[in-house]
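# Working through the structure, step by step
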Amino acid sequence: MEDAFTFADELGPARIIHVHEPSVGLRGTLVVDNVATGPSIGGLRMAPDVSTEECFRLARAMTLKNAAAGLPHGGGKSVLYGDPGMPREEKERLVRAMACALGDCQDYIFGPDMGTDEGLMACVKAEIGRSVGLPREVGGIPLDEIGATGFGLAHAAEIAAPFCDLELAGARVAVQGFGAVGIHAARFLAERGAVLVAASDSRGATHAPKGLDVAALVEHKRSGKPVSEFPGGAPLERDALIGVECEIFAPAARPDAIREDNVDQLQAKLVVSGANISVTPGAEATLHERGVLNVPDFIANAGGVICASVEYHGGSESQAMATIEEKIRHNTEEVLQRARQRGCTPRDAAVELAVQRVKRAMGYRRWSIF
Ligand code: NAD
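This report concerns the structure included in the present document. (Residues numbered from 1 in each chain as written. Predicted model: local features only at pLDDT ≥ 70, side-chain atom pairs only at ≥ 80, totals over all residues. Heavy atoms only, no water.)

### Some thoughts on the pairing of strand β3 (residues 40-47)
The buried count for β3 comes to 8 of 8 residues, which makes it a mostly enclosed element. Two strands pair when backbone bridges link them, and β3 and strand β5 (residues 108-112) are joined in this way by 5 bridges, in the parallel orientation. The residue bridging Gly 42 from the neighbouring strand is Phe 110, located in β5. By the bridge criterion, 5 bridges tie β3 to strand β4 (residues 75-81) in an arrangement that is parallel. (Buried < 20%, exposed > 50% of the residue type's maximum accessible area, 1.4 Å probe, protein only. Helix = DSSP H or I, 4+ residues; strand = E, 2+ residues; numbered from the N terminus. Pairing = 2+ DSSP bridges.)

This is the structure in structure tokens:
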């Protein structure tokens, strides 16, 4: 059993709370990492193999993401031990119990994550009056339906393009993971003149060097068919997508999409990540040496949490889109300028920027922070 202070450093975590209620089989952990910038926002993850360490790492990632995005929110995360495939009624009971057990912890706002969804966030809101990522019926902004993260990704690409001598109009794009994030990223990039040449899902990929019809591919995918069966493209093996000739590569599926063992196949000049931790540190160093520009995940994919923050503060869908556009454009520009001036990787520049913002905010805190 690790000591809770194993993770302690100059930023946090401020609290680690374990909740246990044997009568309903509740076992959960909350890590509130840092709340200098405001009450923490972070998802509730449900899986059988979660841990305090995972919860802490995810909470810290949210501290950096929220600070980098300039949101009035700190970073937190909660994990619930259990099989996410359990019957809905049982799952709802556990999530409601978790919410009630943590109801007093005002500096944490629940959001959806792996194994939870917007319906469960509505249950949390009903129990304790505090959650984000809600269904429209209870005042939520459906972020996957409107494509909040994909929209932000397209803006990050637009700002990053001149930093690697690229014109977005006519640039060829490959999207790994044609799901909620990938579909909208492709759509918004195509609106800016980019050409989608390849896309993949868990079952395979499709490729058309002269360009895929994005609207038709979206319709095909939404009808439940795999992208590899799209009549407008040639089928391709799923993992061969990384070697497709293109200027922009957008990982929007799993972690570690670009690794030491496949980074040399990548043809793109620009990587914009929808998925979290999609490039391993070793591959990131190789990309930097080769002059491939990699916009850090927590800068490029912050559209979802920005949308959640606007929802929490009572804003509308159009305000959410305007805020995503403004913040992602501004932050991408700032991070890439810093990286260029310092000759460091964009990730190092982004972490430095986020930590600086958190520390500045910590300087304003009173001692009686609780
Ligand atoms: P999703 O489930 O809607 O879509 C994921 C897509 O990836 C699916 O089409 C799936 O078939 C495909 N896929 C799975 N494994 C694959 C593989 N090995 N190769 C190629 N394709 C594969 O999920 P999503 O909401 O689009 O999220 C995608 C990623 O982005 C996740 O890692 C998520 O954590 C991250 N993310 C999502 C948001 C958001 O707003 N939804 C915000 C930030 C980060």
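### Section: the sheet that holds β5
The 5 strands lie next to each other as β1-β2-β4-β3-β5, forming an open sheet whose pairing is mixed. Every other strand in the sheet has two partners, leaving β1 (15-21) and β5 as the edge strands with one partner each. Shown here is a sheet whose adjacent strand axes are inclined to one another by a mean of 25°, direction ignored. Where strand β2 (residues 26-34) and β4 come together, 6 bridges link them in antiparallel fashion. Across the sheet, the residue bridging to Leu 30 is Ser 78, located in β4. Across the sheet, helix α3 (residues 118-128) lies against β3 and β5, angled at about 155° from β5, the strand it touches most. (Axes fitted to C-alpha atoms, helices over the stretch in contact; angles between N-to-C directions. Contact = heavy atoms within 4.5 Å.)

### A short note on the site of the ligand
In the vicinity of the ligand lie 20 residues, with Thr 149, Ala 180, Val 181, Ser 202 and Ala 253 positioned nearest. The backbone of Ala 180 places a nitrogen or oxygen atom 2.9 Å from an oxygen atom of the ligand. Protein contacts shield 71% of the accessible area of the ligand, which totals 830 Å² for the unbound molecule. Residues of the shell around the ligand, tallied by class, amount to 7 nonpolar, 9 polar and 4 charged. (Near = heavy atom within 4 Å. Polar contact = N/O pair within 3.5 Å; in protein donor to acceptor, adjacent residues only side chain to side chain. Areas by Shrake-Rupley, 256 points an atom, 1.4 Å probe, with all protein chains shown as cover. Nonpolar A, V, L, I, M, F, W, Y, C, P; charged D, E, K, R; others polar.)

### Topic: the nonpolar core
Membership of the largest hydrophobic core comes to 75 residues, with the highest contact counts inside it found for Phe 178, Leu 196, Leu 217, Ile 248, Leu 270, Val 272 and Ile 324. With 8 residues, helix α5 (residues 148-160) is the single largest residue contributor to this core. The next biggest cluster of nonpolar side chains, apart from the first, holds 23 residues, and it includes Cys 105, Tyr 108, Phe 110 and Ile 128. (Core = buried A, V, L, I, M, F, W, Y, C linked by side-chain atoms within 4.5 Å.)

### Things to note about unusual backbone geometry
Glycine aside, residues mostly have negative phi angles, and peptide bonds mostly take the trans form. Looking along the chain, the bond that leaves Gly 12 and enters Pro 13 is cis, with omega of -5°. Along the chain, Pro 13 turns up in the segment before β1. Phi is positive for Asp 165, close to 50°, though the residue is something other than glycine. Looking at where Asp 165 falls in the secondary structure, it is placed in the loop between α5 and β6 (172-176). Using a relative accessible area of 69% as the deciding quantity, one classes Asp 165 as exposed.

### A few points about the packing of aromatic side chains
One pass over the structure, following the stated rule, counts 3 aromatic pairs. Here the aromatic rings of Phe 7 and Phe 56 are separated by 4.9 Å at their centres, their planes lie at 15°, and the arrangement is stacked. Of this pair, Phe 7 sits in the segment before β1 while Phe 56 sits in helix α1 (residues 52-68), and the two are 49 residues apart along the sequence. A ring pair is formed by Phe 151 and Phe 188, whose centres lie 4.9 Å apart and whose planes are at 70°; its orientation type is edge-to-face. A residue pair is termed long-range when its members are at least 10 positions apart, and Phe 151 in helix α5 and Phe 188 in helix α6 (residues 180-191) qualify at 37 residues. Just as Phe 151 is buried, Phe 188 falls in that class too. A cation over an aromatic ring shows up here: Arg 27 above the ring of Tyr 81, its NZ or CZ 4.5 Å from the ring centre. Taking NZ or CZ as reference, Arg 187 lies 4.5 Å from the ring centre of Phe 188, over its face. (Phe/Tyr/Trp six-rings, centres within 6.5 Å; stacked < 30°, edge-to-face > 60°. Lys NZ or Arg CZ within 6 Å of the ring centre and 35° of its normal.)

### Notes on α6
Helix length check: α6 (12 residues) gives 17 Å between terminal C-alpha atoms against 16 Å at 1.5 Å per residue, within 8%. Where α6 is buried, its residues touch α4 (143-146), α5, β6, β7 (195-201), α7 (214-222) and α11 (317-342). (Expected span 1.5 Å × (residues − 1).)

### Concerning the pattern of salt bridges
Applying the stated criterion across every chain, the model contains 25 salt bridges. A salt bridge links Glu 145 to Arg 136; its shortest N-O distance comes to 2.7 Å. Measuring nitrogen to oxygen at the nearest pair gives 3.0 Å for the salt bridge that ties Arg 329 to Glu 158. With Arg 329 in helix α11 and Glu 158 in helix α5, the pair connects residues that are 171 residues apart, well separated along the chain. Residues joined in a network through salt bridges with shared partners are Glu 334, Arg 338, Arg 342, Glu 352 and Arg 357. (Salt bridge = Lys/Arg side-chain N within 4 Å of Asp/Glu carboxyl O.)

### Comments concerning α11
Residues three or four positions apart in an α-helix share a direction because the helix packs 3.6 residues into each turn. The end-to-end C-alpha distance of α11, which contains 26 residues, comes to 37 Å, matching closely the 38 Å that a straight helix rising 1.5 Å per residue would cover. Restricting attention to buried positions, one finds in α11 the residues Ala 320, Met 321, Thr 323, Ile 324, Lys 327, Ile 328, Asn 331, Thr 332, Val 335, Leu 336, Arg 338 and Ala 339. A positive backbone phi angle near 70° is found at Gly 343, which sits one or two residues after α11.

### Focus on the packing of α6 against α7
Packing of α6 against α7 leaves a shortest axis separation of 10 Å and a crossing angle of 165°. Relative to α7, the element α6 lies roughly antiparallel. With respect to the hand of their crossing, α6 and α7 are arranged in left-handed fashion. Along the contact surface, α6 presents Ile 183, His 184, Ala 186, Arg 187 and Ala 190, while α7 presents Val 214, Val 218, Lys 221 and Arg 222. Of the residues in the contact of α6 with α7, the class split is 5 nonpolar, 1 polar and 3 charged. (Parallel < 35°, antiparallel > 145°, perpendicular 65-115°, else oblique. Left-handed = near helix turned anticlockwise from the far one by under 90°.)

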